[in-house]
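# Examination of the molecular architecture
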Amino acid sequence: MLKNYFRTAWRNLWKNKTSSAINIFGLTIGLTCCLLITLYIQHELSYDNFELKGNRIARVIMEYQFAGSPASTKGNFTSVRVAPVLEQNFPEVESATKMAEYERVVHYEDKLINEKKFMYADSTFFDIFSFPLLAGDPHSVLAGPYKVVITESSAKKYFGEKDPVGQLLQVGSDTVLYQVTGVVRDCPSNSQIRFDFLASFSSLGITKDYESSYWDANYVTYVLLKDKKSIAGLQAKLPAFMKKEMTGQGATINMYLEPFDKIHLHSPYDAFEPNNSITYIYILAAVALLILIIASSTYINLSTARSIERAREVGVRKVIGAEKKQLFWQFIGESALLCLLSVIFSLVISTLLLSFFNQLTGKQFQAVSLFSLPFLAFCLCAAVCLSLLAGSYPALILAGFQPIKVLKGAFKNTGAGQWLRKFLLVFQFVISVFLIVTTFSIQKQLYFIQHKKLGYDREHVLVLPMNDKMLGNIDMIKQELKTNPDVLSVSRCVRSPVEGGGGYNMRSATMPEDQQVNVTANPIDEDFVKTVGLKIIAGSDFTQQDIKDASTNDWGKNIYHFILNESAARELGWTPQEAVNKKMYMGPRAGTVKAVVKDFHFESLHNAIKPFVLFTELRGRELLVKLNGQHLQRTISFLESKWKSLVPGRPFEYRFMDEDYNKLYNAEIRLGKIMDVFAAIAILLACLGLFGLSSYAAQQRIKEIGIRKVLGASVSNIIVALSKDFIRLTVIAIAIALPAAGWATAKWLQDFSYRTDINWSIYVIASIVTTLFTLAAVSFQAIRAAVANPVKSLRTE
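To keep things clear, this report deals only with the structure shown in the data block. (Residues numbered from 1 in each chain as written. Predicted model: local features only at pLDDT ≥ 70, side-chain atom pairs only at ≥ 80, totals over all residues. Heavy atoms only, no water.)

Here we take up the overall build of the chain. Across its full length, the chain holds 27 helices and 22 strands. Across the 797 residues of the chain, 50% fall into the buried class. Long-range contacts, defined as pairs at least 24 residues apart, comprise 80% of the intrachain contacts of the chain with a sequence gap of at least 6. With an accessible surface of roughly 36,300 Å², the chain has 58% of that area assigned to carbon and sulfur atoms. (Helix = DSSP H or I, 4+ residues; strand = E, 2+ residues; numbered from the N terminus. Buried < 20%, exposed > 50% of the residue type's maximum accessible area, 1.4 Å probe, protein only. Contact = heavy atoms within 4.5 Å. Areas by Shrake-Rupley, 256 points an atom, 1.4 Å probe, with all protein chains shown as cover.)

On the surface, Leu340, Ile344, Phe345, Val348, Leu352, Leu353 and Phe356 cluster together into a nonpolar patch covering about 650 Å² of accessible area. Considering the arrangement of structural elements, one finds Leu352 in helix α11 (residues 324–361). (Patch = residues over 30% accessible without salt bridge, like charges linked within 9 Å, V, L, I, M, F, W, Y side chains within 5 Å. Salt bridge = Lys/Arg side-chain N within 4 Å of Asp/Glu carboxyl O.)

Another aspect to go through is the pairing of strand β3 (residues 93–108). Pairing between β3 and strand β10 (residues 220–225): six bridges, direction antiparallel. Bridge pairing in β10 links Ser95 to Leu224. Taken together, the nine bridges between β3 and strand β4 (residues 111–121) define a ladder with antiparallel strand orientation. Across the sheet, residue Glu101 finds its bridge partner in β4, namely Met119. The turn linking β3 back onto β4 is made up of two residues, and Glu109 within it adopts a positive phi angle of 55°. Relative to strand β7 (residues 168–171), β3 is paired through two bridges, and the arrangement is antiparallel. Its bridge partner being in β7, Val106 is matched across the sheet by Val171. (Pairing = 2+ DSSP bridges.)

Okay, the environment of Tyr585 next. Take Tyr585: it is sitting in strand β18 (residues 583–586). Between the alpha carbons of Tyr585 and Ser508 there is a distance of 6.2 Å; along the sequence they are 77 residues apart.

Right, let's get into the pattern of salt bridges. Two side chains carrying opposite charge are able to pair once their charged atoms lie near each other. In total, this model carries 28 salt bridges according to the counting rule given. The partner of Asp527 in a salt bridge is Lys478, with the nearest N and O atoms 2.8 Å apart. Taken together, the positions of Asp527 in the loop between β15 (517–524) and α17 (528–532) and Lys478 in helix α16 (residues 474–481) put the pair 49 residues apart, joining distant regions of the chain. Exposure class is identical for Asp527 and Lys478. Each is buried. The partner of Arg728 in a salt bridge is Asp725, and the shortest N-O contact between them spans 2.8 Å. With Arg728 and Asp725 both in helix α25 (residues 715–749), this residue pair falls three residues apart, about one helical turn.

What follows concerns the side chain of Lys478. On the accessibility criterion, Lys478 (3% relative accessible area) is buried. One polar contact links Lys478 to Asp525, side chain to side chain, over a distance of 2.7 Å. Residues in contact with Lys478, not counting those within four places in the same chain, are Val490, Asp525, Glu526, Asp527 and Leu623. (Polar contact = N/O pair within 3.5 Å; in protein donor to acceptor, adjacent residues only side chain to side chain.)

This paragraph deals with the packing of α16 against helix α21 (residues 632–646). The geometry of α16 relative to α21 is characterised by a closest axis approach of 10 Å and an angle of 150° between their N-to-C directions. Between α16 and α21, the interaxial angle falls into the category roughly antiparallel. Crossing angle aside, the handedness with which α16 passes α21 is right-handed. Contact with α16, carried on its side by Met476, Ile477, Glu480 and Leu481, involves Phe638, Leu639, Lys642 and Leu646 of α21 and no other residues of that element. Counted by class, the contact of α16 with α21 contains six nonpolar, no polar and two charged residues. (Axes fitted to C-alpha atoms, helices over the stretch in contact; angles between N-to-C directions. Parallel < 35°, antiparallel > 145°, perpendicular 65-115°, else oblique. Left-handed = near helix turned anticlockwise from the far one by under 90°. Nonpolar A, V, L, I, M, F, W, Y, C, P; charged D, E, K, R; others polar.)

Moving on, we get to the side chain of Ser346. You can see Ser346 is positioned in helix α11. Discounting residues that sit within four places of it in the chain, Ser346 has contacts with Thr28, Leu31, Thr32 and Leu35.

As a further point, take α16. The α-helix winds at 3.6 residues per turn, so residues separated by three or four positions along the chain end up facing the same way. What α16 keeps buried is the set Ile474, Ile477, Lys478 and Leu481. Projected down its long axis, α16 carries its buried residues within an arc of 100°, all on one side. Summarising the contacts, the buried residues of α16 are in contact with β13 (487–493), β21 (622–627) and α21. (Arc of directions from axis to C-beta.)

The buried fraction of β10 is high, at six of six residues. Burial of the side chains of β10 extends over both faces: Val220, Tyr222 and Leu224 are buried on one face and Thr221, Val223 and Leu225 on the other.

Before going further, it helps to examine the packing of aromatic side chains. Under the definition given, this model contains 36 aromatic pairs. Aromatic pair Phe118 and Tyr178: ring centres 6.4 Å apart, planes at 85°, arrangement edge-to-face. With Phe118 in strand β4 and Tyr178 in strand β8 (residues 177–184), the pair connects residues that are 60 residues apart, well separated along the chain. Using a relative accessible area of 0% as the deciding quantity, one classes Phe118 as buried. On the numbers, 5.0 Å between centres and 40° between planes, the contact of Phe125 with Phe129 is tilted. The two residues Phe125 and Phe129 agree in class, both being buried. Here the aromatic cluster, defined as three or more aromatic residues joined through ring pairs, consists of Tyr102, Tyr108, Phe118, Tyr120, Tyr146, Tyr158, Phe159, Tyr178 and Phe197. Positioned over the ring face of Tyr256 is Lys74, at 4.3 Å from the centre of the ring. (Phe/Tyr/Trp six-rings, centres within 6.5 Å; stacked < 30°, edge-to-face > 60°. Lys NZ or Arg CZ within 6 Å of the ring centre and 35° of its normal.)

This part covers unusual backbone geometry. One non-glycine residue, Tyr146, lies in the positive phi region at around 60°. By the secondary structure assignment, Tyr146 is in the loop between β5 (133–135) and β6 (147–151). Even without a glycine there, the phi angle at His631 is positive, about 55°.

On to the state of the cysteines, then. Applying the stated criterion to the full structure yields zero disulfides. Counting only cysteine sulfurs, Cys34 is the nearest neighbor of Cys33, a cysteine outside any disulfide, at a range of 8.5 Å. Relative accessible area serves as the criterion here: at 3%, Cys33 is assigned to the buried category. (Disulfide = S-S within 2.5 Å.)

Right under this line is the structure:
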């Protein structure tokens, strides 16, 4: 019986090659999209699921506010005091660890490499997190200063086949050597903590003064709870405890606990790896489902439209004894065969497209993931479900035909079937128009992001990482780099404008000492403002003497100068002109305001501009090199040559500032690219189904067309007659989709403090595009039918 079902199904698929090809192509594309998106979603949802104690780990979030500040500052930063205080004062806490991540230059024999994934952690790290050690004792590998654990890949990179344990590495500008005490398996790609080197936190040499303060919050703290259910109880205790701790300090600090397994998709504060958003996961899942629905709707439409062709077959089968359930399962078998072929093709196409998909998502998926047992089981389930969902209605329609009416030739398509096809066609185009509008809106916002005036110039600015050893002869290094005529200026800073700055507090000389204002600040030199193109609206730029005034060996004798942005001046109660030469304090630093610059965006456009201060201090992590944009490769080669002679202890590395800016919007850019691809696929599948339906509509009206032509109808009259119903359905779809797309777009844009205006032109363009695609899909069949010889269609009458 099953063999007969299969043979019959294969014959029918082969007999109706056009509709079979359309159905298989549509389902294959839909399933390919679904499989690839499922692969991505599965990876994102699996973040940190290898952590055996993950449901007992929490990250500490700090929120602070000074007495004179109108708003608080909140983030994933804490001081070194937080971990021991929580561990000592709350029985719910089993263990805690402090962590930090830096770039470090690692030197071993002839290897000199700037390692970007160099982390520091307490000795309790391996008690909390599940990173399996291949060599070394987890309780002692980080116990004591200048100990480091390296990953398996790093061990091979530096030591080859030699045993790495016990080897010594020179790290950064430290004269002390770090001893390799352990080797850990490479961090999984679905981990929010990824490192190549993990050194003991005590190697940072933090003094006792910092250990007694909640300030200098530059570290991340994780706690391991004894019971996963105790997080709410512990959180309830923290406000009262911190209120007691901060009594008389003129500021409030609160601590919040974030469940570790919720950070990657639900937290607004990045982990050591960039977070994703659960909203984007929902969007991608919805897109995959909608594309699959479009493909399934095409299959249902074409199957029910072909019901007249199969009617006599069903009538004959029923006359010779076939039961309704046998016919039902025969047609379900055809659906299953078609879906199975589509799944096989989609697996092949997914494998071929994997490298492109990796570029699109920024991941490194392997083909083996597509052919893992769980994923193949998912594909099989998808095929079965799709067979039943997409095949059931056509099977019920075909199996329910009455043989007497069919064999007498009195059968015709039911009104219910026609209404279903119209509904599905409208639904397909609602989805397509919705995706087109949202895609256009996302691209418009991305264009706005790329072209918005930020208040600084990020074009042709190289960012060169530097170290503390360079500060001693930084002026000479800058002068040497500027000997190239294509180099316009060079500046030292801790952070570029894209990266913002650190958290500080400030007050004017007239404000009480216990009243402070939260502010972001960045130590710079005298060339920073002109290098990045900030606009001074009052006062004058820093000079070399200003830098020297703030760089004496005696901290108490340093004289600081400050440049405020407009928001900082406003926060202190000054206009830009009033602020110049005013005395102010920033933490322990006392000095005068040298200038005020126009507000600039030092955070992403998700956030409103806040107070920002530039100040003189001899510190630096980066050199910014402004180029004129000509002879880029030659200029970079010159800089590299100079660097190797001037800074032999640090490898030459560079990046462009606009690359850093784009990284702020990785999630949005990735979403935009994905929506581009899948919106195009959605409209293609919808038009493919429309093409098939218009073909059958033309065949069913072939005699009517012949009569019209005999009676004098022109080709254009016939095209209009065949196309108007489809155009009407498209207009209905547009009317439904536009309000829904407008609402969804407005909701998405609410996450941006600075956003583009979505005007009527996007809706008009989306409507025109959809209508043109509809006309293109329908017109081919309409023209073909209109120019056919009427004699051929009427000769049997």
